[in-house]
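Geometric and topological summary
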Amino acid sequence: MEAEEVSRAEDGAEYPGSKNEGEPDVAQPDFPHGGQSPGPTALWEMLERKFLEYQKLAHGSPVERQQSLLDLLPLFLKAWENSVGIICFPSLQRLAEDTSNQLAQEIQKALVGKPAEQAREAAGQLLRWKGDVHQDGYLLLKSVFVLTGTNSETLGRVAESGLPALLLQCLYLFFVFPLEKDEFLESDLQVQRMFVQMLLNICCESQGLEKLLSGNELQSLVIATTCLREHSCCFWKEPTFCVLRAISKAQNLGIIQYLQAMDCIKLSLQNLSKLADSLPAPEVSEAVNLILGFVKDSYPVSSALFLEFENGEGYSLLLKVLLRYDRPTKSEVDPHLEELLDLVVWLTTCGRSELKVFDSVTYPQLEGFKFHHEASGVTVKNLQAFQVLQNVFHKASNPILCTKVLAAIRTMWAWNARNFFLLEWTLQPISQFVEIVPLKAAPVQKQFFQLLEALVFELHYVPHEILRKVQCLIKESPESPCSLVALQSVLKIVGRDLLFTDIFRDSGLLGLLLAQLRKRAKILRKSGNKESMLGVQDTERELTCVMLRTVVTLLKGSVRNAVVLKDHGMVPFIKIFLDDDWYRGASLSILEQLSVINAEEYMSIIVGALCSSTQGELQLKLDLLQVMSGLPLRQACPRTGGRQAFTGA
């Protein structure tokens, strides 16, 4: 006798909880009284003898044959359970054929001639565990469930019965017409798990898939997920989506042709466009993800569904659905939003040819920078899909949504550095984002400027135009929180390479910072160096500190920049900052850079400040003495008011 492992579910899709734990027992086979239960081998041999007796009824009445088959199935299931899934039964295919035919007949009998709601009730009653002897439907269901998990040949026999299409029809009824009861028994869950796993097993074989496409059941089920969301059965929603995703992942040309012939993508997009504004965002995005899943899974085989998506105003729908998330939310985690964004990012890679752009690199550039013309790695080919993300960032105010868009862009850069140039030289997303980033929440601003830093530190690229726009942002709103974040980013970038000391001098940033520091020094002098009494906020103090530190970095290694500072007449104003613990370290470092031009003037400034300090300015005296003795200077921490080591140039 042959031994076959029931392991198909492990190779293909598996519905959670589809194993047999906790299943109600079907009617048990009769064994001799007083004896032990036979072992697996004896059970299989007993089943073979009874099956031969069953076959002798070939010319008997249908009722006799049906009852004889039903009498066999408890023994079959008992042998299977005792054999830990190992089937030793040479007549397995014939058993599968007769059992699946019988189940198909029972389902047809339950559905035929009934209105949809009554058909749904009849199908549920047929398959439900009833806890008494009248459980033929459940017995057939469990037996076919076991049989579909064996091998391709056995599954082929099941498919030939027409059962796959009938199961899909039942799934449609279960999903579309919910029962009135709110609670479901464990036996209901077990029936559902076996039912769904049967369909998943069928999806693993091309022959089974073909039988799913024999009627309009698949079309009805797909359309139902996009237009009956409010009235569908919650208990059957997850199983329905699970089965449809399994069908999608089969990547079968027949499925693609079926969906195209039945206008499934077109009708689904139309339905979702109508419902996008009325249903909760997670529900709409879940349905959109399902439809886009068919598009994505079919794309390696054929672009037909992708073209249907494009022609069906798919991008407009995506923008509409994503903007539904543009509202306050308590949770940062929405798996449907994550999946939808991933699918939009994938769409950016769909296209017939590579994007062609001219080399628009502005020089000078950092050493090691090289613009790669070749399309190595994954490249963006679909600007229309990217514009969905770009428009979401423009229109959305929700920080979670905006940061996810920025993360998606960062992902594309990670695929291939060339994607930054392809996008920036066509749609200018980062350049445009600079103009609106002050309107975004603080986490969005922080992540945006991290993107800017990545261009310099990871791509080794100097984005001259983007940096000019950042400079304009700082100039137009020097007091804004966004300017602080922008300047902190500029400070990191300046420290990357001496090239930036020239770039930011020539762009006017150095002069801009000196003008701002002059203004702040005057305010500090008028206040008698008592900013706290004027209600100066920590953010304003921090902004001044960052300005001073940026000037320090711009002066290091650049005599020309030191000359610019001196020509601007900034020395007296920098000396004003010496009187404040917050600014003293950076101010002394600025003055120290002037020693490159005139060391005597630098020392005279330090000595003069030391002599003019009062007895109450003990800390100032100590700091000045530390500078003169060459020890590291302590500088107050802008955020905490604590003190930390500051090392001059």
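The following paragraphs examine the structure supplied in this document. Note that this is a predicted model, so its numbers are computed, not measured.

1. Some remarks on the overall build of the chain
- For the chain, the count of helices and strands is 33 helices and four strands.
- The long-range fraction of contacts in the chain, counting pairs at least 24 apart against all pairs at least 6 apart in sequence, stands at 79%.
- For the chain, the accessible surface area stands at approximately 29,100 Å², while carbon and sulfur atoms represent 52% of it.

2. A look at the pattern of salt bridges
- Within this structure, the stated rule accounts for 19 salt bridges.
- Of the charged contacts, one joins Glu-435 and Lys-469 as a salt bridge, the two residues approaching to 2.7 Å between their closest N and O atoms. Residue Glu-435 is found in helix H22 (residues 429–436), and its partner Lys-469 is found in helix H24 (residues 464–476); the two are separated by 34 residues along the sequence.
- Between Arg-520 and Glu-479 there is a salt bridge, with the nearest N and O atoms lying 3.1 Å from each other. Here Glu-479 lies in the loop between H24 and helix H25 (481–494) and Arg-520 lies in helix H27 (residues 509–526), a separation of 41 residues in the sequence.
- The class for Arg-520 is buried, based on a relative accessible area of 10%.
- Within this structure, Arg-65, Arg-94 and Asp-98 form a network of salt bridges that share partners.

3. Section: empty space enclosed by the protein
- Throughout the structure, instances matching the rule amount to three cavities of 30 Å³ or more.
- Counted as a void, the largest cavity has a volume near 170 Å³.
- Gly-124, Arg-128, Asp-188, Val-191 and Trp-236 are, among the 14 residues lining the largest cavity, the residues nearest its centre.
- Secondary structure elements with two or more residues in the lining of the largest cavity: helix H5 (116–127), helix H9 (186–203) and helix H12 (234–249).
- Sorting elements by how many residues they give to the lining of the largest cavity places H9 first, with four residues.
- When grouped by side-chain class, the residues that make up the lining of the largest cavity number eight nonpolar, two polar and four charged.
- Counted as a void, the second largest cavity has a volume near 50 Å³.
- Lining the second largest cavity are Ile-247, Ser-248, Gln-251, Asn-252, Ile-255, Ile-256, Leu-259, Phe-294, Asp-297, Ser-298 and Leu-305.
- At the level of elements, H12, helix H13 (253–261) and helix H15 (281–298) are the ones that each hand at least two residues to the lining of the second largest cavity.
- Looking at the lining of the second largest cavity residue by residue, the class counts come to six nonpolar, four polar and one charged.

4. Some words on the nonpolar core
- The biggest cluster of nonpolar side chains holds 208 residues, and the ones touching the most others in it are Phe-76, Phe-195, Leu-318 and Leu-347.
- Counting residues per element, this core draws most heavily on helix H8 (residues 163–176), at 10 residues.
- Among all residues touching Phe-76, those that are not within four sequence positions of it are Trp-44, Leu-47, Ile-87, Leu-92, Leu-95, Ser-143, Val-146 and Leu-147.

5. Thoughts on the packing of aromatic side chains
- If you walk through the whole model with that rule in mind, you get 25 aromatic pairs.
- Between Tyr-299 and Phe-306 the ring centres are 5.4 Å apart and the planes differ by 80°, which places this aromatic pair in the edge-to-face class.
- Its relative accessible area of 6% is what places Phe-306 among the buried residues.
- A network of ring pairs unites the aromatic residues Phe-369, Phe-371, Trp-413, Phe-420, Phe-421, Trp-425 and Tyr-461 as a single cluster.
- The ring of Phe-393 has Lys-440 lying over it, and the distance from NZ or CZ to the ring centre is 4.9 Å.

6. Brief notes about the environment of Thr-501
- Along the chain, the position of Thr-501 falls in helix H26 (residues 499–506).
- Spatially, the C-alpha atoms of Thr-501 and Arg-560 are 9.3 Å apart, while their sequence positions differ by 59 residues.
- Excluding anything up to four places from it in sequence, Thr-501 contacts Thr-553, Leu-554, Lys-556, Ser-558 and Asn-561.

Calculation rules
Residues numbered from 1 in each chain as written. Predicted model: local features only at pLDDT ≥ 70, side-chain atom pairs only at ≥ 80, totals over all residues. Heavy atoms only, no water. Helix = DSSP H or I, 4+ residues; strand = E, 2+ residues; numbered from the N terminus. Contact = heavy atoms within 4.5 Å. Areas by Shrake-Rupley, 256 points an atom, 1.4 Å probe, with all protein chains shown as cover. Salt bridge = Lys/Arg side-chain N within 4 Å of Asp/Glu carboxyl O. Buried < 20%, exposed > 50% of the residue type's maximum accessible area, 1.4 Å probe, protein only. 1 Å grid on protein atoms, 1.4 Å probe; cavity = no way out; pocket = protein on both sides within 12 Å on 5 of 7 lines; lining within 4 Å. Points joined across faces, edges and corners; volume = space filled by probe spheres on them. Nonpolar A, V, L, I, M, F, W, Y, C, P; charged D, E, K, R; others polar. Core = buried A, V, L, I, M, F, W, Y, C linked by side-chain atoms within 4.5 Å. Phe/Tyr/Trp six-rings, centres within 6.5 Å; stacked < 30°, edge-to-face > 60°. Lys NZ or Arg CZ within 6 Å of the ring centre and 35° of its normal.

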